[in-house]
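Coordinates in review
Chain residues, written in single-letter form:
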Amino acid sequence: MPIEKEKFDGLRENITAEKREYHCTYICRGVVNTNEFPSSFEWKCKNLSDPFARLISVESTRQLSAELHEMTAHYSTLPADSTQRESNRDQVPNPLARPVRRRWTTGYIETYPQRDLDNKAIVAANNEPIRGGIPIKVPYLVKHYTRNEAFFNEAAAMATIWAMNAAKTIVCTKFDGSEQLVDQQTNISYAEVTYEFWQAVGSNTWDERRMNAGSYWLEDGKPKYLEDAEGVKSYADGAILLKADGSQLPQGSSPNWLTFRVFRIANLGLLGLPGIS
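None of the values given here were measured: they were computed from a predicted structure. (Residues numbered from 1 in each chain as written. Predicted model: local features only at pLDDT ≥ 70, side-chain atom pairs only at ≥ 80, totals over all residues. Heavy atoms only, no water.)

Before going further, it helps to spend a moment on the packing of aromatic side chains. Following the criterion strictly, the structure yields 14 aromatic pairs and no others. An angle of 70° between the planes, with centres 5.2 Å apart, marks the rings of Y26 and F37 as edge-to-face. Pair noted here: Y26 is in strand β2 (residues 20–29) and F37 is in the loop between β2 and β3 (40–43), with a separation of 11 residues, a long-range link. Taken as a pair, Y26 and F37 share a single burial class, namely buried. Seen from their ring centres, F41 and Y75 are 6.0 Å apart, and the 65° between their planes marks the pair as edge-to-face. A residue pair is termed long-range when its members are at least 10 positions apart, and F41 in strand β3 and Y75 in strand β5 (residues 68–76) qualify at 34 residues. Note on accessibility: F41 and Y75 belong to one class, buried. Sitting over the face of the ring of F8, K46 holds its NZ or CZ atom 5.5 Å from the ring centroid. (Phe/Tyr/Trp six-rings, centres within 6.5 Å; stacked < 30°, edge-to-face > 60°. Helix = DSSP H or I, 4+ residues; strand = E, 2+ residues; numbered from the N terminus. Buried < 20%, exposed > 50% of the residue type's maximum accessible area, 1.4 Å probe, protein only. Lys NZ or Arg CZ within 6 Å of the ring centre and 35° of its normal.)

Rolled over the atoms, a probe sized like a water molecule indicates the empty space that remains. Applying the stated rule across the entire model yields one cavity of 30 Å³ or more. Taken as a whole, the largest cavity encloses approximately 40 Å³ of empty space. What lines the largest cavity is P113, Q114, I122, G133, M211, P255 and W257. Looking at side-chain class alone, the lining of the largest cavity contains five nonpolar, two polar and no charged residues. (1 Å grid on protein atoms, 1.4 Å probe; cavity = no way out; pocket = protein on both sides within 12 Å on 5 of 7 lines; lining within 4 Å. Points joined across faces, edges and corners; volume = space filled by probe spheres on them. Nonpolar A, V, L, I, M, F, W, Y, C, P; charged D, E, K, R; others polar.)

Evaluation of the coordinates by the stated rule reveals 12 salt bridges. The partner of R29 in a salt bridge is E67, and the shortest N-O contact between them spans 2.5 Å. Remark: E67 occurs in the loop between β4 (48–63) and β5 and R29 occurs in strand β2; sequence separation between them is 38 residues. Ionic contacts of the salt-bridge type, sharing partners, join the residues E4, R29 and E67 into one network. (Salt bridge = Lys/Arg side-chain N within 4 Å of Asp/Glu carboxyl O.)

A few words on the confidence of the model for the chain. On average, residues of the chain score 85 in pLDDT, and 90% of them are at 70 or above. Helix α1 (residues 79–88) is the least confidently modelled element of the chain, averaging 57 in pLDDT, while strand β8 (residues 163–164) averages 97, the highest of any element. (pLDDT = per-residue confidence, 0-100.)

Attention now goes to the pairing of strand β11 (residues 189–200). With 10 bridges connecting them, strand β7 (residues 136–149) and β11 associate as antiparallel partners. Bridge pairing links T146 to T194 in β11. As paired elements, strand β9 (residues 170–177) and β11 share seven bridges and run antiparallel to each other. Counted as the bridge partner of C172 is F197 from β11. The pairing of strand β10 (residues 181–182) with β11 spans two bridges and is classified as antiparallel. In the sheet register, V182 faces β11, and the bridge partner there is S189. The turn linking β10 back onto β11 is made up of six residues, and N187 within it adopts a positive phi angle of 65°. (Pairing = 2+ DSSP bridges.)

Structure representation (structure tokens):
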């Protein structure tokens, strides 16, 4: 095993009310992989451990000889530290060559299906569909990307923002650039560009769906209204279910739905972001 021993005076601790940090220096021989260090804090020569402090980074600190060197493993109980250290680990000098930073969150949309999640028809006791339907929350995945680019591409932003891929499953909802920055070490100019995409799950797409219903129906291409016993026409306010040709569906039929495309189609793969095509 390339790790020779724990350096007796190589433990530094930083204990606060918010987090516990440990910096452990080992004497190592040859090439050492990160997975050879304990995944949670252990310091055997002083019989110390903290299972909640996770390994967040390892760095080579000092060369002792042709084969021996010191490496310091950093542990923390604060998960945010791991994210920060991971994004800054082994950064290349050129800001334009640094990797894309990614994170994920979730959101939800409201759909109006004809049946609920127990497969129960969403209708009143008389089998008439409930006006407006009942919204059911459906989750979607939000993908966030930050990438250093030479400049903020206004034309690409305007061509991509609020556009979806050909499959209609991913829509670009953010394409923002920070101010133009200059790396102090390399003097290279760049902008931090942030992207956000909403990805539908399952068979859902980003088309809008509406119940095919109206306040009247068509017979021989002409409007037909509900009438009372005396022949007085009434306005049904969207309660009449319709077929695709505008005629009235029979009483008790399940409604059908109309689909509308509300976002442009764009080739999101041209952005060159992982997982977006």
